[in-house]
Amino acid sequence: MGKVRIAIIGVGNIGSLHASYLSEHKIEHAEIVAFCDTNPKKLEIAKNKFGAQYIFYSSAEKLLTNPEIDAVIISTPHYDHPILAIEALKAGKHVLIEKPAGVFTKNVREMIEESNRNPELTFSLMYNQRMNPTYQKAKELVEAGQLGELRRTNWIITNWYRSQSYYDSSNWRATWAGEGGGVLLNQDPHQLDLWQWICGMPTRVMGFAYFGKRRNVEVETEVTAYAEYKNGATGIFVTTTTETPGTNRFEIVGSQGKIVIENDQLKFWRTVIDETEWNDTYTGGFGEPEVWEIKIPVLFDGTTGHRKVVQNFVNNILFDEPLLAPASDGIYGLSISNAIHLSAWKQRWVDLPIDEEEFLQELKNRIGSSKKKKGNEKILDTKNTY
Ligand SMILES: NC(=O)c1ccc[n+]([C@@H]2O[C@H](COP(=O)([O-])OP(=O)(O)OC[C@H]3O[C@@H](n4cnc5c(N)ncnc54)[C@H](O)[C@@H]3O)[C@@H](O)[C@H]2O)c1
């Protein structure tokens, strides 16, 4: 294969962004060849924007029969990610899906099983924030034991501000039937993934969620979750789409140090002696271990995370470059998301791994009473939003 021939399924806000850099030849060894959208207006907009030289499909089923397409990027609403990914894998295409991996883990598990049956096909997930060097550095420091044993994590992620007009811009948005969740499922998959990618999976969570708070929507717009880990560490995750100015502050505390990531900067403090050891030997009453602030170089190369994920996807197909965001990883963040929802709905602790059937039943109850929205579909300007 000379160049990977890519098609985009779902040419809305983010599908158009992926199409832009692909059509501008910003991804090496790859070219965009086709577009698919079930909404004819979106196809027309894509034709006008990118040119009529591509192939345009109104159904993914048809597109997947074209042998001149090697790979697809699936950027449709969430429920369709696992359904279309399974179809595409069965049709022999390499697949890159948008986040979240799906709405419920049962479905995502089936998708991963299909991928396992096709190990020759590359299957990746658009976790573009994994490409952010501050998070990569935090992961490196935690894994190298630089913080000692993890004790507490705290992520306040309230700068995903979304107005009512955003929620009204697509009929699927912010409904149980169309989207399957709110801030946890649409905006936070990045943070829920990074949280577990860096700190590991919690063993149980307690979630408090507010549905339709300050926005006319069915799903959650504000959440606080408390998590416990196997080693006794604890975590707090606070999120909303209705606060401005918002905060994005991720704090990780261990027995030997602390990392704070805020305003795209990583700060690292290290206690010279591990707190447990210091406490066991110190006899002076008041006092505290000596702490050093250590400057950690974190270099940005200016490339957006989305482009890096697509380039990595292409390089994996052609040159076996290790995948930075394998789609199978998508189940972890989604499990935490599902657990927080379930906990908030049932008002009790939820153990991980979750009871998938119980979650699905609760979700189906909400889908059953979900209201169909009517309105105009719009493509929004996505500059500086993700
Ligand atoms: N990684 C990121 O930074 C990022 C950013 C935005 C959105 N997303 C994700 O991308 C997905 C799409 O979000 P969006 O904001 O672009 O939504 P959107 O509504 O603007 O676009 C979705 C498009 O998919 C089309 N579509 C729906 N079902 C289809 C099907 N079965 N086959 C073909 N086309 C179909 C719709 O007509 C629409 O044009 C969501 O899952 C969202 O979470 C990711």
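For the structure itself, look to the data block above.
Here the residue index of a chain counts from 1 through its sequence in written order. The predicted nature of this model means local features are confined to residues of pLDDT at least 70 and side-chain atom pairs, given and counted, to a pLDDT of 80 or more, with totals for whole chains, interfaces and linings taken over all residues. Computation of side-chain values: all heavy atoms of the structure, hydrogens and water removed.

Participant: So what's going on with the nonpolar core? Which residues, and what values?
Facilitator: Here, nonpolar core means buried Ala, Val, Leu, Ile, Met, Phe, Trp, Tyr and Cys residues that are tied together by side-chain atoms lying within 4.5 Å of each other. Residue burial is assigned from relative accessible area. The probe radius is 1.4 Å, only protein chains are included, and a residue is buried under 20% of its type maximum, exposed over 50%, and partly exposed in between. Judged by nonpolar contacts, the single largest core of 85 residues is most densely connected at Leu63, Val72, Trp195 and Ile259. Numbering of helices and strands starts at the N terminus; helices are DSSP runs of H or I of at least 4 residues and strands are runs of E of at least 2. It is helix H11 (residues 330–346) that provides the largest number of residues to this core, a total of 8 residues. Ignoring any residue separated from it by four or fewer positions in sequence, one finds Val72 in contact with Ala7, Ile9, Leu63, Leu64, Ala88, His94, Val95, Leu96 and Phe313. Among the nonpolar cores identified, the runner-up in size contains 26 residues, and Val4, Ala19, Phe56 and Ile317 belong to it. By definition, residues are in contact when any of their heavy atoms lie within 4.5 Å.

Participant: Lay out the site of the ligand with the relevant residues and their values.
Facilitator: Throughout this document, a residue counts as near a molecule or strand when at least one of its heavy atoms sits within 4 Å of that molecule or strand. Around the ligand there are 26 residues in total, and Asp37, His78, Glu98, Trp172 and His306 lie nearest to it. One of the side-chain N or O atoms of His81 is found 3.1 Å from an oxygen atom in the ligand. The separation between an oxygen atom of the ligand and a polar side-chain atom of His306 is 2.8 Å. When the ligand sits alone it has 850 Å² of accessible area, and the protein chains cover 93% of it. Looking at the shell around the ligand, the elements that each hand over two or more residues are helix H1 (13–23) and helix H4 (80–90). Two N or O atoms form a polar contact when they lie within 3.5 Å of each other; inside protein one atom must be a possible hydrogen donor and the other a possible acceptor, and for residues adjacent in sequence the pair counts only when both atoms belong to side chains. Per-residue and other accessible areas follow the Shrake-Rupley method at a 1.4 Å probe size, with only the shown protein chains counted as cover for residues.

Participant: Could you give an account of the pattern of salt bridges, naming the residues involved and the relevant values?
Facilitator: By definition here, a salt bridge exists when the distance from a side-chain nitrogen of Lys or Arg to a carboxyl oxygen of Asp or Glu is within 4 Å. The full count for this structure, using the stated rule, is 20 salt bridges. We note a salt bridge from Glu357 to Lys106, for which the minimum N-O separation is 3.4 Å. Pair noted here: Glu357 is in helix H12 (residues 356–368) and Lys106 is in helix H5 (residues 105–116), with a separation of 251 residues, a long-range link. On the accessibility criterion, Glu357 (46% relative accessible area) is partly exposed. Each of Arg152, Arg249, Glu251 and Glu262 takes part in salt bridges that share partners, so that together they form one network.

Participant: So what's going on with the packing of H5 against H11? Which residues, and what values?
Facilitator: Lines are fitted to the C-alpha atoms to define the axes, a helix being fitted only along its stretch in contact, and any angle between axes, read from their N-to-C directions, falls within 0 to 180 degrees. Look at H5 against H11: their axes get within 10 Å of each other, and the N-to-C directions meet at 170°. Considering the angle they form, H5 stands roughly antiparallel to H11. Our pair here, H5 against H11, has a crossing hand that is left-handed. Across from Thr105, Val108, Arg109 and Ile112 in H5, the residues of H11 making contact are Ile331, Leu334, Ser335 and Asn338. Each residue gets one of three labels, nonpolar for Ala, Val, Leu, Ile, Met, Phe, Trp, Tyr, Cys and Pro, charged for Asp, Glu, Lys and Arg, and polar for the others, Gly among them. When the residues that make up the contact of H5 with H11 are grouped by side-chain class, the tally is 4 nonpolar, 3 polar and 1 charged. The cut-offs work like this: below 35 degrees is roughly parallel, past 145 is roughly antiparallel, 65 to 115 is roughly perpendicular, and the gaps in between are oblique. Crossing handedness follows the turn of the near helix against the far one: under a right angle anticlockwise gives a left-handed crossing, and clockwise gives a right-handed one.

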